[in-house]
Amino acid sequence: MNSNDLRAGALIHLDALIGFDTTSRDSNLALIGYVEAFLAGHGVASRRVANPEGTKANLYATVGPSVPGGVVLSGHTDVVPVDGQAWSSDPFTLTRRGERLYGRGTCDMKGFLALALAAVPACAEGRRARPLHLAFSYDEEVGCLGAPSMIRELVTELPSPLAVIVGEPTNMEVVSGHKGISTWRVTVTGHEAHSSLTHLGVSANMVAVGLMARLRDLADALTQHGDAASLYHPPHATVTIGLIQGGTAVNILARECSFVFDLRTPPGQDPDAIIAPFLAACAAEDAALKLQFPDAGVQVQRRSATPSFAPEIDGAAELLARRLAGDNGPARAAAYAAEAGQFQGAGFSTIICGPGSIEQAHQADEYMELAQFERGAGFMVRLLDALA
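All of these numbers come straight from a predicted model, not from anything done at the bench. (Residues numbered from 1 in each chain as written. Predicted model: local features only at pLDDT ≥ 70, side-chain atom pairs only at ≥ 80, totals over all residues. Heavy atoms only, no water.)

Chemist: Let's hear about helix α8 (residues 316-325): which residues, and what values?
Modeler: Of all 10 residues that make up α8, 7 are buried, and the element is covered over most of its length. Those residues of α8 not exposed but buried are A317, E318, L320, A321, R322, L324 and A325. On its buried face, α8 sits against β3 (71-76), β7 (163-166), β14 (350-352) and α10 (370-387). Taken from the residues just after α8, G326 is the one with a positive phi, measuring 65 degrees. (Buried < 20%, exposed > 50% of the residue type's maximum accessible area, 1.4 Å probe, protein only. Helix = DSSP H or I, 4+ residues; strand = E, 2+ residues; numbered from the N terminus. Contact = heavy atoms within 4.5 Å.)

Chemist: Could you give me a rundown of the sheet that holds strand β1 (residues 46-50), with the residues and numbers involved?
Modeler: A sheet is described by the order of its strands in space; here 6 strands give the open sequence β1-β2-β6-β3-β7-β14, paired in mixed fashion. Each edge of the open sheet carries a strand with a single partner, namely β1 and β14. Across the sheet, the axes of successive neighbouring strands diverge by a mean angle of 20 degrees, strand direction being ignored. In this structure, β3 lies alongside β7, joined through 4 bridges in parallel fashion. Bridge pairing in β7 links V72 to V164. Helix-sheet contacts for helix α2 (residues 29-41) involve β1, β2 (57-63) and β6 (132-137), and the interaxial angle to β2 is about 15 degrees. Across the face of the sheet, α8 comes into contact with β3, β7 and β14 while running at roughly 40 degrees to β14. (Pairing = 2+ DSSP bridges. Axes fitted to C-alpha atoms, helices over the stretch in contact; angles between N-to-C directions.)

Chemist: I'd love a proper account of the packing of helix α6 (residues 204-222) against helix α7 (residues 271-292), names of residues and values included.
Modeler: Orientation of α6 relative to α7, taken along the N-to-C sense of each, is 165 degrees, at an axis distance of 11 Å. Here α7 runs roughly antiparallel to α6, going by the angle between their axes. Pair α6 / α7 crosses with right-handed handedness. Contact with α6, carried on its side by V207, L211, R214, L215, L218 and L222, involves I274, I275, F278, A281, C282, E285 and L289 of α7 and no other residues of that element. Looking at side-chain class alone, the contact of α6 with α7 contains 11 nonpolar, no polar and 2 charged residues. (Parallel < 35°, antiparallel > 145°, perpendicular 65-115°, else oblique. Left-handed = near helix turned anticlockwise from the far one by under 90°. Nonpolar A, V, L, I, M, F, W, Y, C, P; charged D, E, K, R; others polar.)

Chemist: Hey, could you go over helix α5 (residues 147-157) for me, with residue numbers and the actual values?
Modeler: Residues of α5 that are buried: A147, S149, M150, I151, E153 and L154. Buried residues along α5 sit in contact with β1, β2, β6 and α9 (340-345).

Chemist: Give me the lowdown on the sheet that holds strand β15 (residues 367-369), citing residues and values where you can.
Modeler: Strand order across the open sheet formed by 3 strands is β4-β5-β15, with antiparallel pairing between neighbours. The outermost strands of the open sheet, each flanked by one partner alone, are β4 (95-97) and β15. Adjacent strand axes in the sheet meet at a mean angle of 25 degrees when their direction is disregarded. Here strand β5 (residues 100-102) pairs with β15 via 3 bridges, running antiparallel. When the sheet's bridge partners are listed, R100 is paired in β15 with E369. Most of the contacts of helix α3 (residues 106-118) go to β15, to which it runs at about 60 degrees, and overall it touches β5 and β15. Of the strands in this sheet, β4, β5 and β15 touch α10, which is tilted by about 65 degrees from β15.

Chemist: Before we move on, could you go through the pattern of salt bridges and cite the residues and values that matter?
Modeler: Evaluation of the coordinates by the stated rule reveals 17 salt bridges. Notably, a salt bridge pairs E366 with R104, separated by 2.8 Å at the nearest N-O pair. Note that E366 is positioned in the loop between β14 and β15 and R104 in the loop between β5 and α3, a separation of 262 residues in sequence. The pair E366 / R104 is uniform in exposure class, with both members buried. A salt bridge links R264 to D262; the shortest N-O distance between them is 3.7 Å. You can call D262 buried: its relative accessible area is 12%. (Salt bridge = Lys/Arg side-chain N within 4 Å of Asp/Glu carboxyl O.)

Chemist: Please set out the packing of aromatic side chains residue by residue, giving values where relevant.
Modeler: For any two aromatic rings, the description comes down to two numbers: the centre-to-centre distance and the angle of the planes. Under the counting rule described, the total for this entry stands at 5 aromatic pairs. With a centroid separation of 5.5 Å and 50 degrees between ring planes, the pair formed by Y102 and Y367 is classed as tilted. Of the two residues, Y102 is situated in strand β5 and Y367 in strand β15; the sequence distance between them amounts to 265 residues. There is no split in this pair, since Y102 and Y367 are both buried. Aromatic side chains F261 and F278 sit 5.4 Å apart centroid to centroid with 80 degrees between the ring planes, which places their arrangement in the edge-to-face category. Placement of F261 in strand β11 (residues 256-265) and of F278 in helix α7 is noted, with a sequence separation of 17 residues between them. With relative accessibility at 1%, the residue F261 sits in the buried group. Under the relative-accessibility criterion, F278 is labelled buried at 5%. An aromatic cluster is built from W184, F261 and F278, whose rings are joined through pairwise contacts. (Phe/Tyr/Trp six-rings, centres within 6.5 Å; stacked < 30°, edge-to-face > 60°.)

Chemist: Before we move on, could you go through the side chain of K179 and cite the residues and values that matter?
Modeler: For K179, the position within the fold is in the loop between β8 (177-178) and β9 (180-189). The side chain of K179 sits in the buried core without any salt bridge; D262 is the nearest counter-charge, 9.4 Å away. For K179, the side chain forms a polar contact with the main-chain oxygen of H236, separated by 2.7 Å. (Lys, Arg positive; Asp, Glu negative; His and termini not counted. Polar contact = N/O pair within 3.5 Å; in protein donor to acceptor, adjacent residues only side chain to side chain.)

Chemist: Residue-level account of the packing of α3 against α10, with values.
Modeler: When two helices pack together, their arrangement is given by the angle between the helix axes and by the axis-to-axis distance. At a minimum axis distance of 10 Å, the contact between α3 and α10 shows a crossing angle of 40 degrees. The chirality of how α3 crosses α10 is right-handed. Taking contact as the criterion, the partners of G111, F112, A114, L115 and A116 in α3 are, on α10, F373, G376, A377 and M380. Split into classes, the residues belonging to the contact of α3 with α10 amount to 7 nonpolar, 2 polar and no charged.

This is the structure:
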């Protein structure tokens with residue numbers, strides 16, 4: 001198969017994949033069904049790994065012989081919302097304008113999934129010596145929640161692969177590491193009273209402001225511990241408060257205030273150790289509030305914990321991906337989090353490399369340059385040759 005043929009097939013798949021609204025809050029099962037049917041048409045069996053509710057699923061498959069030394073192509077099927085964004089065309093219809101392909105997920109990351117599917121026929125029919133494995137996940141965009149259950153099965157079910165290639169958008173350049181991300185929701189419950197009678201109640205908003213100030217101070221302190229030689233930008237751990245909700249009226253001591261924050265850490269830094277003093281402060285505040293009003297308090301819920309991904313310079317995945325991509329550039333790392341750290345934590349040699357730019361992700365008129373799609377097709381053709 002040449003790259004033009006593979007690209008043509010990938011465009012057909014991309015058109016279909018973009019048509020499935022797989023926003024993380026919704027189901028991805030229609031897309032998973034499409035992939036299952038396509039694989040079955042080429043004699044390839046696949047397996048779903050569903051969420052507990054059965055409303056979403058991961059999917060993995062092996063194309064070719066069940067022997068060690070294969071390559072896993074990994075990508076997530078979910079996309080971020082389009083709510084409130086000013087799109088120039090239907091975000092769930094693939095639209096070409098000039099040398100760009102527009103649609104939600106074109107670069108993040110259905111373009112990579114489409115290229116992976118387009119490689120299946122040649123791999124299934126060509127009797128490769130080593131297999132191509134597909135691993136498609138759900139709920140990456142909301143904390144990399146879906147992949148772990150699938151990865152646990154891959155560890156036991158797959159003959160040991162040579163490498164995992166996570167196809168996040170990197171402009172087809174090899175990215176060797178990423179930060180980890182942990183997210184928490186803090187819910188403060190106060191005791192309502194008239195805002196003029198502060199001695200008769202406690203404002204959840206006022207308590208929450210004090211706790212958020214601690215996070216601000218932590219964020220400032222972390223900036224002092226960056227490594228100037230780090231691959232990561234910024235080179236230190238970061239804390240940001242992304243969502244705040246509280247109160248019902250200006251003249252009522254707020255009964256409830258909640259906020260969600262994230263902590264992003266480079267490899268080698270323990271997020272639990274960094275956040276421990278803040279959690280201790282929350283516990284102390286909870287105890288103090290309950291002494292005033294038994295119905296008041298502070299609850300902290302951990303929402304997600306995605307591990308960082310450490311560079312494996314000269315590792316099997318890095319060497320393979322650089323050869324396939326023709327990449328002789330410097331080592332690179334990403335500030336965002338992805339599923340690569342989860343694969344690495346399970347013992348797989350892992351790398352990130354995929355078409356498109358992260359700068360186009362998550363915004364209105366998300367697009368992929370056709371040139372990037374072509375580079376991705378060439379990468380897949382060279383991968384097929386490497387598996388021969």
